[in-house]
Structures are given as C-alpha cells and as structure tokens.
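The lines below spell out each chain.
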Amino acid sequence: MLKAVYPGSFDPVTNGHLDIIERCAGFVDELVVAVLDNPSKSSLFTADERVEHIKKETAHLPNVSVRSFHGLLVDFCRLEKARLVIRGLRAVTDFEYEFKMALANRKLDKDIETIFVSSSANYMFVSSSSIKEIAMFGGCVEDMVPENVKNCLYEKFKNREENIHGFNN
Ligand code: PNS
C-alpha cells in the first residue's frame, strides 16, 4: 500500500494545492494532507481553520485525510507510517528551497523519500502569500482559491486598515 504525506502551511489552501491533492490521490492509496501548526510562525488562519478548509474541499476524495502536525515532518511521517512526501513545484525558483528541504528530510530519515509534482500551468503563479496580499487590498482572488476560502479571506480582512479599496467581489 502506498501512503503519502502532502505537507504545507496551507495559509490558506489554494486551487493549486487542491489540484495537486486531486492528482496525487489518483496514484497513491492513501494521502494525508499535513497542515503545519507552528505557533512561532504567524499565520492568518489557525491550524484548525486551515484543516477545516481543506477537509471541506477534499470531502469527495475517500483516500484523502487532513491532519495538523507540529515538530518535524519526518516524525509525523513515521507516526503515519508513510514513507513518501509529496511537494508541488511551480517554477524553477521553488526548486532550491524544495531541494534543500528534501535533502534535510533525507538526512533526518533515509527511508523517507520526497517526490515533486509539477503544478498545473493555470496555477503556476498562485501562492498563499500572493493571495493574502491580493485579498488584503480588496483584489479579486476568484479562481485562485475555493469560494469558501475566498469568503473567509475577505471576512478576515474586512475590518483591517490595509483593506483600502473595499471588497466588490
Ligand atoms: O507550505 P510551506 O510553508 O512551504 O511548507 C513547509 C513545510 C511545512 C513543509 C516545512 O516547513 C516543514 O516540513 N516543517 C516542519 C519542520 C521540519 O520538519 N523541518 C525540517 C525540514 S527543513
């Protein structure tokens, strides 16, 4: 049985992440989406909120589960008895960071392998950080995140000073 972990901050989950989840769920037996819960890293959404967003969008995929984790990814993988880590690659610029992380994880546990899945062309420019910035200034994030996440983003930023343009979407 092939079980894989797809880890990330997912703050928030994007349509690019969801595309990778759908595609990977098609070739592994079980996929655990692992949401990093790191209290020292500031995030817009709590870990529970991020887990809920992903659960909602993956409810139709019976072999996908969503959990939060803290500490080392390799420890989470051991706990889950998964030896495969999946990471998405959008562009060459992602490569150095991803390659270093894969090497660090292999150093920590040589039995855990990382594979990279290329992003679909539609989502090459989509990142959680750019989405937060666009939403913060009242820009349109349609087609970049699911409807529910879009509404949660606008809700978070509704009363913030940075929202200088208001929301028309
Ligand atoms: O979506 P992100 O922020 O690029 O995901 C990064 C993540 C969560 C995969 C990475 O930060 C991680 O695995 N953190 C857990 C701590 C860890 O295991 N560090 C050692 C590898 S560098």
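Calculation rules
Residues numbered from 1 in each chain as written. Predicted model: local features only at pLDDT ≥ 70, side-chain atom pairs only at ≥ 80, totals over all residues. Heavy atoms only, no water. Near = heavy atom within 4 Å. Polar contact = N/O pair within 3.5 Å; in protein donor to acceptor, adjacent residues only side chain to side chain. Areas by Shrake-Rupley, 256 points an atom, 1.4 Å probe, with all protein chains shown as cover. Helix = DSSP H or I, 4+ residues; strand = E, 2+ residues; numbered from the N terminus. Nonpolar A, V, L, I, M, F, W, Y, C, P; charged D, E, K, R; others polar. Salt bridge = Lys/Arg side-chain N within 4 Å of Asp/Glu carboxyl O. Buried < 20%, exposed > 50% of the residue type's maximum accessible area, 1.4 Å probe, protein only.

Glancing now at the site of the ligand. For the ligand, the set of nearby residues contains 13 residues, the closest of which are Ser9, Leu73, Arg87, Tyr97 and Asn105. A distance of 2.6 Å separates an oxygen atom of the ligand from a polar side-chain atom of Ser9. A distance of 3.5 Å separates an oxygen atom of the ligand from a polar atom in the side chain of Lys41. Across the complex, the protein chains shield 75% of the 560 Å² of accessible surface that the ligand would expose by itself. Of all the secondary structure elements, the ones that give two or more residues to the shell around the ligand are β1 (3–8) and α4 (92–108). Considered class by class, the residues forming the shell around the ligand number 7 nonpolar, 4 polar and 2 charged.

The next thing to look at is the pattern of salt bridges. Applying the stated criterion across every chain yields a total of 16 salt bridges. The partner of Lys132 in a salt bridge is Asp11, and the shortest N-O contact between them spans 3.0 Å. Of this pair, Lys132 sits in helix α5 (residues 128–136) while Asp11 sits in the loop between β1 and α1 (15–25), and the two are 121 residues apart along the sequence. Owing to a relative accessible area of 5%, Asp11 belongs among the buried residues under this scheme. A salt bridge links Asp75 to Arg78; the nearest nitrogen and oxygen atoms lie 2.7 Å apart. Of this pair, Asp75 and Arg78 both sit in helix α3 (residues 73–80), 3 residues apart, which is roughly one turn of that helix. It is possible to trace a salt-bridge network through shared partners that takes in Lys3, Glu30, Arg67 and Glu80.

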